[in-house]
Each structure stands twice: as C-alpha cells, then as structure tokens.
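Topology and contacts: notes
The primary structure of each chain is shown beneath.
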Amino acid sequence: MKKVLIAVVVILVLIQFIRPEKNSSIENKNDISTVLQVPEDVKEIIKTSCADCHTNNTKYPWYSEIAPVSWYLAQHVNEGKEHLNFSEWAAYNKNQRNHVLKDIIEELTEHEMPLESYLILHKDAKLSDSQYSILVDWAKTLKVE
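Definitions and limits used
- Residues numbered from 1 in each chain as written.
- Predicted model: local features only at pLDDT ≥ 70, side-chain atom pairs only at ≥ 80, totals over all residues.
- Heavy atoms only, no water.
- Helix = DSSP H or I, 4+ residues; strand = E, 2+ residues; numbered from the N terminus.
- Buried < 20%, exposed > 50% of the residue type's maximum accessible area, 1.4 Å probe, protein only.
- Lys, Arg positive; Asp, Glu negative; His and termini not counted.
- Salt bridge = Lys/Arg side-chain N within 4 Å of Asp/Glu carboxyl O.
- Polar contact = N/O pair within 3.5 Å; in protein donor to acceptor, adjacent residues only side chain to side chain.
- Contact = heavy atoms within 4.5 Å.
- Core = buried A, V, L, I, M, F, W, Y, C linked by side-chain atoms within 4.5 Å.

1. Some thoughts on the side chain of Asp52
Secondary-structure assignment places Asp52 in helix α3 (residues 51-54). No salt bridge is formed by the buried Asp52. Its closest oppositely charged neighbour is Lys59, at 5.8 Å. Here the side chain of Asp52 touches Lys59 through a polar contact of 2.9 Å, landing on its backbone nitrogen. Apart from the residues within four sequence positions on either side, Asp52 is in contact with Asn23, Asn57, Thr58, Lys59, Val77, Tyr118 and His122.

Structure (structure tokens):
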C-alpha cells in the first residue's frame, strides 16, 4: 500500500511538468471590435461571461496551474474557441460569421451559455434575462448578407 501511495505522489508531481500552452495574446488585429461597432454593455457582458473561452485572452484562476486541471481547462478553452472566437472575428468569412451568429442566437436563447460547469466557479459570469436579451438582440442585428 505504501508503494502505491508513493507511486501516486510521484506521478502527481511529474505531471506538473507537462504544461499546456496558455491562451494569451496581446495582438487583437482580428478582434470583433475592429470590424463592428460593439456597444459598451455588450462588451462588458462578453468580457465577464464569454471572453475566457471565446477570445485569445483567458484570465486563468490559480487552480489552472495544477495538472490535470490545467489540461482540462486548455482543452475546454480550445474547444470554445473552435466554435466562436471574438478575437478572430475579422478573419471569418461571410458564411462563417452567419453560422456563428446563428449559433450565438440559438445558444443564448436556450440559455446554454455560459456553461453550468463554468458558472460553478465564476458566479459573476451568470447572465440575467436582460443580459441574454441584450446579447441576442445585438447578434440579430449583425446578420451578414
């Protein structure tokens, strides 16, 4: 039993050296605000409730430094950015933008974002009904023809 415990501790220590890349970029040349007028209330909602998973600038909590949590967070952020990345909006073509807008409207209308798993530790990211309405109404005005 003692050998198993020692082995587990050694493995836990060793995996700390396997670090995923951080999602942090100072370059914002393709940011949504470079091609669209984003109202201040929308910017604030995105910053508080969406940016960690849907931009190139995640604010990492202290526990993101501990493997395997760091691996889970990296995978989660990368998956979120695959669906929508406000930092890369200007690089999307017309069809991509329309598809993403449709998804934004659907996800927000059904209150599926932010994810419940995110809200457990980020209480300030929880959206009110009026915030959902603000985002949905804004997204509906952005339809690209």
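There is more to say after this.
2. Let's talk about the pattern of salt bridges
Counted according to the given criterion, the structure contains three salt bridges. Of the charged contacts in the structure, one is a salt bridge between Glu65 and Arg19, with a shortest N-O distance of 3.3 Å. Of this pair, Glu65 sits in the loop between α3 and α4 (69-83) while Arg19 sits in the loop between α1 (2-14) and α2 (40-49), placing them 46 residues apart in sequence. Given the relative accessible area of 44%, Arg19 is considered partly exposed. As a salt-bridge pair, Glu65 and Lys22 come within 2.8 Å of each other at their nearest N and O atoms. Of this pair, Glu65 sits in the loop between α3 and α4 while Lys22 sits in the loop between α1 and α2, and the two are 43 residues apart along the sequence. According to the relative accessible area criterion, Glu65 is partly exposed, its value standing at 37%. Through salt bridges that share partners, Arg19, Lys22 and Glu65 make up one connected network.

3. Regarding unusual backbone geometry
With the exception of glycine, the majority of residues adopt a negative phi angle, and the majority of peptide bonds are in the trans configuration. Cis rather than trans, the peptide bond between Ala67 and Pro68 has omega equal to 10°. Of the consecutive residues Met113 and Pro114, the connecting peptide bond is found in the cis state with omega at -15°. Tracing the sequence through the fold places Pro114 in the loop between α5 (94-109) and α6 (116-119). Its identity as a non-glycine residue notwithstanding, His111 has a phi of 55°, on the positive side. Locating His111 in the fold gives a position in the loop between α5 and α6.

4. Focus: the environment of Leu142
Examined against the element boundaries, Leu142 turns out to sit in the segment after α7 (129-140). In this structure the C-alpha to C-alpha distance between Leu142 and Asn98, which are 44 residues apart in sequence, comes to 8.4 Å. Each residue touching Leu142, except ones within four places of it in the same chain, is listed here: Leu36 and Leu101.

5. Digging into the nonpolar core
Membership of the largest hydrophobic core comes to 22 residues, with the highest contact counts inside it found for Ile46, Trp89, Ile104, Leu108, Leu135 and Trp138. Among the secondary structure elements, those contributing two or more residues to this core are α2, α5 and α7. Setting aside its immediate chain neighbours within four residues, Trp89 contacts Asn30, Ile32, Val35, Leu36, Leu84, Arg97, Val100 and Leu101.

These figures come from the coordinates and say nothing about function on their own.
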